[in-house]
Amino acid sequence: MKDRPFGREALAAAFARARAERRAALITYLTAGYPSLEDSPALLKALAQGGADILELGVPFSDPIADGPTIQKASYVALQNGTTPSACLNLVRRLREEGFRTPMVLMGYYNPIYRYGLEAYAQACREVGVDGLIVPDVPVEEAEPLQSACRAYGLALILLAAPTTREDRLRRIAAQTEGFLYLVARLGITGAGDGLTGDLFDRVAQVRRFARTPVAVGFGIAMPEQARALAPWVDGVIVGSAIVERAPQGPGALAEYVASLRAALRLA
Amino acid sequence: MTPLCERNLSPHGWPDARGYYGPYGGRFVAETLMEPLAELEEAYRQAREDPTFQAELAALLCHYVGRPTPITYAQRLSAACGGAQIWLKREDLAHTGAHKINNALGQALLAKRMGKKRLIAETGAGQHGVATATVAALLGMECTVYMGCEDMARQAPNVLRMRLLGADVRAVEGGSRTLKDAINEALRDWAYSVRESYYLLGSALGPHPYPLIVRDLQSVIGREAREQMLAQAGRLPDILVACVGGGSNAIGLFYPFLQDGIEMVGVEAGGEGLASHRHASRLTGAPESRVGVLHGVRTYVLQDEHGQIAATHSISAGLDYPSVGPEHALLYEMGRVRYTAVTDGEALAAFQALARLEGILPALESAHAIAEAMRLAAARPKEAILLVNLSGRGDKDLDTVSAALEEGGR
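What comes next concerns the included structure. What you are looking at is a predicted structure, and each value in this text was computed from that prediction instead of being measured. (Residues numbered from 1 in each chain as written. Chains lettered and ligands numbered in written order. Predicted model: local features only at pLDDT ≥ 70, side-chain atom pairs only at ≥ 80, totals over all residues. Heavy atoms only, no water.)

The next point concerns empty space enclosed by the protein. Considering all chains together, one arrives at seven cavities of 30 Å³ or more under this definition. Put simply, the largest cavity is a space of about 340 Å³. Lining the largest cavity are 31 residues; nearest its centre among them are H99, K100, S248, G318 and E365 of chain B. Elements represented by at least two residues in the lining of the largest cavity include exactly strand 5 (118-123), helix 6 (127-139), helix 9 (179-193), helix 12 (248-254) and helix 15 (364-378) of chain B. Each residue belonging to the lining of the largest cavity can be placed in one class, and the counts come to 10 nonpolar, 17 polar and four charged. The volume enclosed by the second largest cavity comes to roughly 280 Å³. The wall of the second largest cavity is formed by 27 residues, among which I65, A66 and P136 of chain A together with V29 and A30 of chain B lie closest to the centre. Those elements that place two or more of their residues in the lining of the second largest cavity are helix 9 and strand 11 (289-294) of chain B. Classifying every residue of the lining of the second largest cavity by side-chain character gives 18 nonpolar, five polar and four charged. (1 Å grid on protein atoms, 1.4 Å probe; cavity = no way out; pocket = protein on both sides within 12 Å on 5 of 7 lines; lining within 4 Å. Points joined across faces, edges and corners; volume = space filled by probe spheres on them. Helix = DSSP H or I, 4+ residues; strand = E, 2+ residues; numbered from the N terminus. Nonpolar A, V, L, I, M, F, W, Y, C, P; charged D, E, K, R; others polar.)

Here is the structure:
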């Protein structure tokens with residue numbers, strides 16, 4: 001669709017709409033090609049129908065070091081299904097051709113992007129209608145080449161901050177991230193967690209002091225109650241492994257689960 | 001590729017402040033690990049300058065590890081090759097039977113200095129896992145070792161050794177079930193346990209500062225060998241030969257000789273031959289080896305056309321790894337070290353030759369270096385001296401060797 005805002009603007013618009021509706025934005029992650037490439041379009045549409053504001057589409061990698069068992073398994077299955085970076089781009093292209101407007105960002109590790117070529121990848125993302133990238137193994141110190149490529153094509157490169165990140169680096173990350181700042185809720189890797197800690201709320205407050213973009217929190221969030229507790233303090237909540245776990249149940253069940261998360265994000 | 005400037009041609013200028021060796025190296029990890037790596041870098045910088053730390057390390061290397069390890073002139077092996085003299089740096093005689101203890105001990109002392117209570121390690125052949133379990137016992141620390149389940153099967157004696165030493169050995173079922181996957185799992189553990197755990201990486205790879213720390217700690221091999229050659233042979237060797245998996249024993253031998261203009265050869269796992277695609281040879285021009293990013297570092301990585309990491313193969317678990325330390329990538333690009341590959345069959349033949357001619361059972365990793373040295377020796381004059389790093393002993397490989405020999409009908 002020609003009139004769809006693109007890149008950073010598309011992400012900003014999604015957060016603005018959520019804010020106008022007095023709720024935190026819902027960001028959902030799903031590995032492309034899981035449980036199969038044929039299932040992916042219907043599942044992505046179900047996420048949007050259930051109320052996701054932004055979709056993270058996982059580009060599978062053979063060695064997903066920042067991911068827990070759920071996403072590791074999904075990545076493995078997706079790779080067995082032939083889910084190459086090009087297949088992920090084609091998936092986005094087809095959805096956009098059908099008029100699918102929900103902002104989409106690709107989340108994937110650096111080596112496949114490096115192999116594709118940073119410029120070529122950014123250009124292909126722009127052409128098919130990807131709005132941004134999340135690359136968990138590219139910290140701000142190593143981000144410059146990818147940032148340049150993303151800027152050249154108007155893509156948002158979303159940077160992450162973690163519980164271990166110190167203030168000087170947090171300032172740098174906050175200054176350089178585009179679209180939103182992805183705050184990792186706890187130590188460790190992706191996957192359902194054991195609830196939110198008090199530290200997290202202090203952390204969110206600290207991050208918000210430096211951020212010039214919306215702040216979204218992810219890692220370990222699976223239950224509507226967790227989303228409800230976070231909603232007043234953040235601009236967005238990211239749910240990943242819990243979505244991936246439910247993907248094999250099909251679009252109907254997935255949309256229902258997403259709707260329960262979305263309802264929990266509404267501010268009282 | 002940016003041309004290597006004058007400073008860069010000195011192999012001693014690396015790594016730079018960002019942890020790069022020319023275009024290779026860096027720190028490509030999840031944000032959670034960035035501060036822990038910065039803390040490690042700072043703690044190591046201080047320890048490196050601290051005479052107390054260095055004295056403690058030196059004393060343990062001498063009285064616990066048994067250093068210096070000797071060098072042995074392999075007279076009958078040399079005669080059989082009919083050319084140059086083959087000398088061996090005997091890391092197989094270090095406590096725990098391989099060079100890995102040099103690094104494990106130094107890093108464990110660093111971990112203790114940093115107030116960490118628990119060591120995490122990955123292991124392929126099991127030698128690094130055994131070394132880490134050993135120093136954990138020595139220093140009274142907890143120890144968790146990740147090992148691919150394929151490697152656990154083929155290096156079973158080392159699994160038992162680690163458990164007897166009190167380590168928690170965890171089988172890694174994911175991916176290719178080898179060293180690569182063990183590193184993935186160790187990094188995941190560390191992301192959870194950064195506050196109390198120290199990740200004791202076993203080779204000269206991974207994110208900065210590991211390649212630097214491991215090179216420094218393994219350089220004891222080359223420093224000793226340099227003095228010993230001068231004392232025993234009256235001169236420096238003409239050629240150094242070492243096997244290269246991640247590359248720690250090779251960089252440990254090579255580094256103190258880099259300014260001497262000596263020829264150096266790194267030997268990678270040729271597996272079933274480069275044409276078979278079943279190998280682990282990164283620096284010999286194999287088409288599937290490209291510059292990429294794996295395990296936190298930019299270097300040569302065996303991968304497919306989509307950037308997925310390739311499955312590798314070697315008879316030796318310690319060389320069965322798709323990527324290589326960044327300093328080796330630089331030395332390769334400079335042409336300072338020549339890299340070559342030895343097949344499973346050639347390594348096996350070298351294993352047997354060293355056993356029968358010298359009474360030494362080498363680790364299968366080290367047998368790759370022996371095979372290349374035998375090849376080189378045959379083509380060189382009698383006055384030439386080859387020094388091979390015999391990085392470990394072969395007891396752990398008896399099952400693999402006997403199975404391979406049976407299969408080969410010999």
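Additional details are given in the paragraphs that follow.
Let us look at the pairing of strand 6 (residues 142-148) of chain B. All names here are of chain B. Counting buried residues in strand 6 gives six out of seven residues, a clear majority hidden from the surface. Handedness of the crossover joining strand 5 and strand 6 through helix 6 is recorded here as right-handed. Where strand 6 lies against strand 7 (residues 168-172), five bridges are found, and the strand directions are parallel. By the bridge assignment for strand 7, Y146 is matched with R170. (Buried < 20%, exposed > 50% of the residue type's maximum accessible area, 1.4 Å probe, protein only. Right-handed = clockwise from strand over helix to strand, strands pointing away. Pairing = 2+ DSSP bridges.)

Residues and elements named next belong to chain B. Across the sheet, four strands lie side by side as 7-6-5-8; this open sheet has parallel pairing. At either margin of the open sheet sits one strand with a lone partner, and together these are strand 7 and strand 8 (197-199). Strand-to-strand twist of the sheet, defined as the mean angle between neighbouring strand axes without regard to direction, takes the value 25°. (Axes fitted to C-alpha atoms, helices over the stretch in contact; angles between N-to-C directions.)

It is worth spelling out the pattern of salt bridges at this point. Tallied over the entire structure, the rule returns 46 salt bridges over all chains. Of the charged contacts in the structure, one is a salt bridge between R166 of chain A and E35 of chain B, with a shortest N-O distance of 3.7 Å. With R166 of chain A in the loop between strand 6 (160-161) and helix 8 (167-176) and E35 of chain B in helix 2 (residues 34-49), this residue pair bridges two chains. Residue classification places R166 of chain A among the partly exposed residues on the basis of a relative accessible area of 44%. D181 of chain B is paired through a salt bridge with K180 of chain B; the nearest N and O atoms lie 3.4 Å apart. Here the salt bridges do not stand alone but share partners, grouping E141, R166 and R169 of chain A together with E31, E35 and E39 of chain B into one network. (Salt bridge = Lys/Arg side-chain N within 4 Å of Asp/Glu carboxyl O.)

Residue and element names in this part refer to chain B. Strand order in the open sheet made by the six strands is 3-4-14-9-10-13, with mixed pairing throughout. Of all strands in the sheet, those with a lone pairing partner are strand 3 (71-73) and strand 13 (338-343), marking the two edges. Averaged over all pairs of adjacent strands, the angle between their axes in this sheet comes to 25°, without regard to strand direction. In the sheet, strand 10 (residues 263-271) pairs with strand 13 via six bridges, with the strands oriented parallel. Its bridge partner being in strand 13, A269 is matched across the sheet by V342.

This paragraph deals with the packing of aromatic side chains. Ring pairs (aromatic) are described by centroid distance and by the angle formed between their planes. Following the criterion strictly, the structure yields 12 aromatic pairs over all chains and no others. Measuring from ring centre to ring centre gives 5.5 Å for Y300 of chain B and Y332 of chain B, while their planes differ by 90°; the resulting arrangement is edge-to-face. With Y300 of chain B in strand 12 (residues 297-302) and Y332 of chain B in helix 13 (residues 326-334), this residue pair connects regions lying 32 residues apart in the sequence. Plain terms: the ring middles of Y332 of chain B and Y339 of chain B are 6.1 Å apart, the flat faces sit at 75° to each other, and that makes the pair edge-to-face. You can call Y332 of chain B partly exposed: its relative accessible area is 28%. Exposure remark for Y339 of chain B: the relative accessible area of 7% places this residue in the buried category. Members of the aromatic cluster, each reached through a chain of ring pairs, are Y24, Y300, Y332 and Y339 of chain B. Lying across the ring of Y257 of chain A, R246 of chain A places its NZ or CZ 3.9 Å from the centre. Here the guanidinium or amino end of R215 of chain B rests over the ring plane of Y255 of chain B, the centre of that ring lying 3.9 Å away. (Phe/Tyr/Trp six-rings, centres within 6.5 Å; stacked < 30°, edge-to-face > 60°. Lys NZ or Arg CZ within 6 Å of the ring centre and 35° of its normal.)

Before going further, it helps to spend a moment on helix 9 of chain B. Given 3.6 residues per turn, any residue in an α-helix points the same way as the ones three and four places further on. With 15 residues, helix 9 of chain B ought to run about 21 Å at 1.5 Å a step, and its terminal C-alpha atoms sit 21 Å apart, in line with that. Of all 15 residues in helix 9 of chain B, 13 are buried; the element is thus mostly enclosed. (Expected span 1.5 Å × (residues − 1).)

Looking now at the layout of surface pockets. Approximately 500 Å³ is the volume attributed to the largest pocket. Lining the largest pocket are 23 residues, with S62 and Y76 of chain A together with G174, G175 and S176 of chain B sitting closest to its centre. At the level of secondary structure, the elements contributing two or more residues to the lining of the largest pocket comprise helix 3 (69-80) of chain A together with helix 9 of chain B. Within the lining of the largest pocket, the residues separate by chemical class into eight nonpolar, eight polar and seven charged.

This part covers the interface of chain B and chain A. Contacts between the two partners involve 37 residues from chain B, matched on the other side by 37 residues from chain A. On the chain B side of the interface with chain A, the three residues burying the most area are E31, E35 and R188 of chain B, jointly 22% of the side's total. One can count six salt bridges joining chain B with chain A. In this structure, R166 of chain A and E39 of chain B form a salt bridge, with 3.3 Å as the shortest nitrogen-oxygen distance. One can count 22 residue pairs in polar contact (both at pLDDT 80 or more) joining chain B with chain A. Going through the elements one at a time, helix 2, helix 9 and strand 11 of chain B are the ones with two or more residues in the side of chain B that touches chain A. Of all the elements, helix 9 of chain B adds the most residues to the side of chain B that touches chain A, at eight residues. When grouped by side-chain class, the residues that make up the side of chain B that touches chain A number 14 nonpolar, nine polar and 14 charged. (Contact = heavy atoms within 4.5 Å. Buried area = accessible area lost by both parts, 1.4 Å probe. Polar contact = N/O pair within 3.5 Å; in protein donor to acceptor, adjacent residues only side chain to side chain.)

With that out of the way, let us pick up the environment of T312 of chain B. Residues and elements named next belong to chain B. Along the chain, T312 falls in the loop between strand 12 and helix 13. Under the relative-accessibility criterion, T312 is labelled buried at 17%. T312 has contacts with H279, A280, L302, D320, Y321 and P322, leaving out every residue within four places of it along the chain. A distance of 2.6 Å separates polar atoms of two side chains, one belonging to T312 and the other to D320.

Next up on the list: the pairing of strand 8 (residues 215-218) of chain A. Residue and element names in this part refer to chain A. Both faces of strand 8 are covered, namely the face carrying V215 and V217 and the face carrying A216 and G218. As paired elements, strand 7 (residues 181-184) and strand 8 share four bridges and run parallel to each other. Note on strand 8: the bridge partner recorded for V184 is G218. Traced from strand 8 through helix 10 (residues 224-230) to strand 9 (residues 236-239), the parallel crossover comes out right-handed.

Purely geometric numbers; function is a separate question.
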